[in-house]
Amino acid sequence: MRRLHILFLACFLVPIMGTQAQKKKKNKKPNVLFIISDQHKQTFSGAYGHDIIKTPNIDALAKNGVTFENAYAPAPVCAPTRAAIVTGMYPYANGAIYHKAPVINANGKEVRKGSGFLRSTGYHDDIKTIAEVFKKDGYITASPGKMHVHGELQKNVDPAHPEGNDMGWDVVNTRYYTHFPGGHYEDEVGKDAYHRYRQILEYKKYGGSQDLNPQLKPSLVEDHEDNFDMVVARKAVEFIDERGKDDESFFLHVGFEKPHLPLTTLHEYYDLYDQNDFEFPETVNDWYKSGKYPWVQNWVHHGLPKNKPEQAKRVMAAYAACITEMDEMIGRIVTALEKNGLADNTIIIYTSDHGEHMWEHGLRGKHNMYDAAIKVPFIVSYPKALPQGTRNETLVSLVDVMPTVAELIGADVPEEVQGVSLVSTSKNGKTIKNRTVFAEYRAGDYKAFPKQKDLPSRMMRKGNMKYIYTHGVIDQLYDVEKDPNERENLALNPAYQSLLEEMKFQTLVEWRFDKYSEMKVDRKGNTLQWDACDYTEDYTIFYAKNNNPLEAKVIKKDLADLSFEVEQKGYYWVMAQPKLTRTTPHYGEKVPVWIAAHTFDLPISNAVEVKKNLSK
């Protein structure tokens with residue numbers, strides 16, 4: 001346990017070591033240190049109440065800042081979330097909706113491209129990023145580590161955009177999961193160390209890049225300091241040391257990779273944990289008992305906890321060890337701030353790009369809309385202006401990062417930003433009234449539609465209610481305050497049908513994206529008309545005086561016709577209710593959960609304007 005002692009001791013020494021240096025620096029504007037990990041389950045840290053996971057440095061940030069209890073990722077996968085963070089916009093709005101984007105190659109076949117290859121797969125050209133906001137305000141911007149944003153582009157990679165796209169970063173290095181020749185992790189440590197870290201190609205036989213590592217094997221990287229997060233921390237410290245010399249205001253984005261798979265780290269971190277101390281979540285056996293979830297991809301269901309429980313607990317220990325490794329790298333960076341006298345004038349934010357089930361609901365990974373997959377840690381530490389050691393219940397999305405830090409430094413944000421500033425709620429502790437947050441996802445391997453690679457889903461959270469739309473699949477509605485395990489689907493409860501209808505409408509009404517099309521509705525005189533939407537039971541009409549979906553109300557439901565007569569001027573929307581016909585063991589033969597076949601029709605129309613009152 002000597003290692004743990006050192007970790008905690010470092011936390012207490014950091015403030016002392018930096019005291020004298022702090023007197024030397026007086027930055028005009030606050031610096032920002034934004035730290036983002038990969039796949040860190042919200043509840044797996046001391047800051048969020050876990051009594052086993054050792055995260056002294058994250059805990060220290062929480063002690064000195066505001067810890068948000070209800071923070072959501074904009075997507076349950078890396079790339080769309082990360083593009084949403086840097087643009088302040090949800091994936092459908094910024095255009096970077098895919099984790100790996102479908103592209104038609106020269107042979108006319110669809111292939112999947114990761115980030116860094118083509119500008120066309122990324123966020124829209126006219127969008128300003130968070131780095132560009134800071135750069136315009138006179139900041140030096142840097143981003144060592146994982147970025148994984150579709151839209152970032154090295155020069156001379158995409159023939160259509162030979163100039164590349166630096167997204168506003170002055171200093172870039174150690175990219176990962178992004179094609180970035182000259183600025184990649186492999187360029188820092190060499191090909192062999194890179195292959196060892198990822199366990200790919202000649203090292204795939206040791207477990208592969210998706211290794212859950214129940215054997216608790218150590219990283220294959222020969223020099224421990226060449227492991228990815230160690231390199232990223234070193235680059236961040238070097239940048240901070242330079243700012244300690246020139247006293248320039250900076251925005252530093254640090255992208256760690258752990259605790260993402262492979263769950264490999266050093267023995268010293270494994271030694272901190274005993275697999276027998278871990279307990280399985282309450283929901284671990286749920287799908288084994290009732291059948292696979294009709295709204296979850298096949299491969300996410302995992303049999304390890306049931307079939308080999310000891311191995312499953314070792315996976316939990318490996319995951320915990322990777323978290324502690326990453327936490328120690330946070331400590332290195334904060335120590336550098338202290339040593340350079342920059343800590344008091346630096347806003348520090350810690351978060352992750354999505355969660356991890358770690359056997360909740362019998363699942364692994366992320367890839368759906370359960371809270372385990374999309375809730376994330378989110379801590380803002382800036383004692384100069386914000387309270388210390390407080391916890392905040394307001395609903396938060398990672399699209400809020402840009403407007404929040406922009407307000408703290410006095411910068412303007414682009415008009416198209418969809419996030420909101422969290423400064424006021426951080427200071428007064430009051431939840432933001434009527435706040436709504438969303439998440440979205442596209443993927444394949446659903447049993448309902450095995451040929452579809454990009455089946456869309458979207459989540460809406462408002463108050464204690466959470467609605468999930470999965471295209472062609474039964475709706476989900478949960479009261480997450482009364483039912484935090486999300487076991488009772490209130491979509492099956494007649495008492496909640498009005499609320500279900502309202503939340504479904506708000507989830508769909510502005511959601512537009514590649515491949516899928518909204519219903520087309522025409523107006524002839526005082527009659528709205530539309531073609532039948534595939535596999536539909538009936539239709540619902542919504543109305544608002546102004547073109548504001550938030551004010552829309554149901555004026556007609558259970559409509560079997562393909563037309564509707566209107567009388568009042570204003571705005572009308574048509575929403576189709578799917579006809580579910582196929583069943584699965586999960587709900588049994590009496591509750592259909594899937595439509596008959598896949599369709600590219602979204603069950604919602606755009607607004608139709610009626611400019612004057614009409615008489616029948």
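Since this is a predicted model, take the numbers as computed values, not measurements.

Engineer: Would you explain the overall build of the protein chain in this entry?
Structural biologist: For the protein chain, the helix and strand inventory stands at 16 helices and 23 strands. Dimensions of the protein chain, computed from the C-alpha atoms along their principal axes, are close to 80 × 55 × 55 Å. Out of the 616 residues belonging to the protein chain, those deemed buried represent 61%. Sequence separation of 24 or more characterises 73% of the internal contacts of the protein chain that already satisfy a separation of 6 or more. Carbon together with sulfur atoms contributes 48% to the accessible area of the protein chain, which is approximately 25,200 Å² in total. Looking at the protein chain, you have 78 positive and 82 negative side-chain charges, and the mean spots of the two groups are 1 Å apart.

Engineer: I would appreciate a short explanation of the packing of helix α8 (residues 228–246) against helix α12 (residues 309–339) in the present structure.
Structural biologist: Where α8 contacts α12, the axes come no closer than 9 Å and their chain directions differ by 10°. Regarding the angle of α8 to α12, the classification is roughly parallel. Here α8 contributes D229, M230, A233, A236, V237 and I240 to the contact with α12, which in turn contributes E325, M326, M329, R332, I333, A336 and L337. Taken together, the residues that form the contact of α8 with α12 break down as ten nonpolar, no polar and three charged.

Engineer: For this particular structure, what's the right way to read the packing of aromatic side chains?
Structural biologist: Each aromatic ring pair is characterised by the separation of its centres together with the angle its planes make. What the rule picks out here adds up to 30 aromatic pairs. Each ring, one from Y469 and one from W511, has its centre 6.2 Å from the other, and the planes form 85°; the classification is edge-to-face. Remark: W511 occurs in the loop between α16 (497–508) and β15 (517–519) and Y469 occurs in strand β13 (residues 465–470); sequence separation between them is 42 residues. Here Y469 matches W511 in class, with each residue buried. Aromatic pair W511 and F513: ring centres 4.6 Å apart, planes at 50°, arrangement tilted. Among the aromatic side chains, those forming a connected cluster through ring pairs are Y176, Y177, Y185, Y194, Y197 and F228. Cation over ring: R442 sits above F513, and NZ or CZ is 4.4 Å from the ring centre.

Engineer: What is the right way to look at the packing of helix α2 (residues 56–63) against α12 in this model?
Structural biologist: A pair of packed helices is captured by two measures, namely the crossing angle of their axes and the spacing between those axes. Relative to each other, α2 and α12 sit at 55°, their axes nearing to 7 Å. When the interaxial angle is binned, α2 and α12 end up oblique. Residues P56, N57, I58 and L61 of α2 form the contact with α12, whose own contacting residues are M326, D327, E328, I330 and G331. Residues of the contact of α2 with α12, tallied by class, amount to five nonpolar, two polar and two charged.

Engineer: In this structure, what is going on with the sheet that holds strand β17 (residues 527–530)? I would like to understand it.
Structural biologist: By definition, the strands of a sheet pair up through backbone hydrogen bonds, in either a parallel or an antiparallel sense. Pairing in this open sheet of three strands is antiparallel, and the strands run β16-β17-β20 from one edge to the other. Strands at the two margins of the open sheet, each flanked by one partner only, are β16 (521–524) and β20 (563–565). Each strand axis lies, on average, 20° off the axis of its neighbour in the sheet, ignoring direction. Sheet analysis places β16 next to β17, joined by four bridges and oriented antiparallel. Opposite K524, over in β17, you have T527 as the bridge partner.

Engineer: Help me out: how do you make sense of the state of the cysteines in this one?
Structural biologist: Note on terminology: a disulfide is the covalent bond linking the sulfur atoms of two cysteines. Within this structure, the stated rule accounts for zero disulfides. Take C78: it sits in no disulfide, and the sulfur closest to it among the cysteines is that of C322, at 15 Å. Residue class for C78 comes out buried when judged on its relative accessible area of 2%.

Engineer: How do you make sense of the environment of E565 when you look at a structure like this?
Structural biologist: The residue E565 is located in strand β20 in this model. Separated by 40 residues in the primary sequence, E565 and G525 place their C-alpha atoms 8.9 Å from one another.

Engineer: Is there a simple way to think about the sheet that holds strand β11 (residues 436–443) in this case?
Structural biologist: The antiparallel open sheet is built from four strands, whose spatial order is β11-β12-β13-β14. A strand with exactly one partner marks an edge of an open sheet, and here the two such strands are β11 and β14 (476–479). The average angle at which neighbouring strand axes cross in this sheet is 15°, direction not considered. Contacts from α16 reach β11, β12 (455–462), β13 and β14, with the element oriented near 60° to β13.

Engineer: Which parts of the structure should I look at to understand unusual backbone geometry?
Structural biologist: Backbone geometry follows two general trends: most residues other than glycine have a negative phi, and most peptide bonds adopt the trans configuration. Omega for the bond connecting K258 with P259 falls within 30 degrees of zero, at 10°, which places this linkage in the cis form. Along the chain, P259 falls in the loop between β7 (250–255) and α9 (267–270). Not every positive phi belongs to a glycine, and D247 is a case in point at roughly 60°. Here D247 is to be found in the loop between α8 and β7. Classification of D247 as partly exposed rests on a relative accessible area of 27%. One non-glycine residue, K515, adopts positive backbone phi at about 80°. With respect to the element layout, K515 can be found in the loop between α16 and β15.

Engineer: How do you make sense of helix α7 (residues 191–198) when you look at a structure like this?
Structural biologist: Structural remark: α-helix, 3.6 residues per turn; residues separated by three or four positions point the same way. Counting buried positions over the eight residues of α7 gives six, a clear majority of the element. When α7 is considered as a whole, its buried residues turn out to be A193, Y194, H195, R196, Y197 and R198. Those residues of α7 hidden inside the fold are in contact with α6 (185–189) and α8. Among the residues trailing α7, Q199 stands out with phi positive, at a value near 55°.

What counts, and where the lines are drawn
- Residues numbered from 1 in each chain as written.
- Predicted model: local features only at pLDDT ≥ 70, side-chain atom pairs only at ≥ 80, totals over all residues.
- Heavy atoms only, no water.
- Helix = DSSP H or I, 4+ residues; strand = E, 2+ residues; numbered from the N terminus.
- Buried < 20%, exposed > 50% of the residue type's maximum accessible area, 1.4 Å probe, protein only.
- Contact = heavy atoms within 4.5 Å.
- Areas by Shrake-Rupley, 256 points an atom, 1.4 Å probe, with all protein chains shown as cover.
- Lys, Arg positive; Asp, Glu negative; His and termini not counted.
- Charge placed at Lys NZ, Arg CZ, Asp CG, Glu CD.
- Axes fitted to C-alpha atoms, helices over the stretch in contact; angles between N-to-C directions.
- Parallel < 35°, antiparallel > 145°, perpendicular 65-115°, else oblique.
- Nonpolar A, V, L, I, M, F, W, Y, C, P; charged D, E, K, R; others polar.
- Phe/Tyr/Trp six-rings, centres within 6.5 Å; stacked < 30°, edge-to-face > 60°.
- Lys NZ or Arg CZ within 6 Å of the ring centre and 35° of its normal.
- Pairing = 2+ DSSP bridges.
- Disulfide = S-S within 2.5 Å.

The values reported here are purely geometric and, on their own, carry no functional implication.
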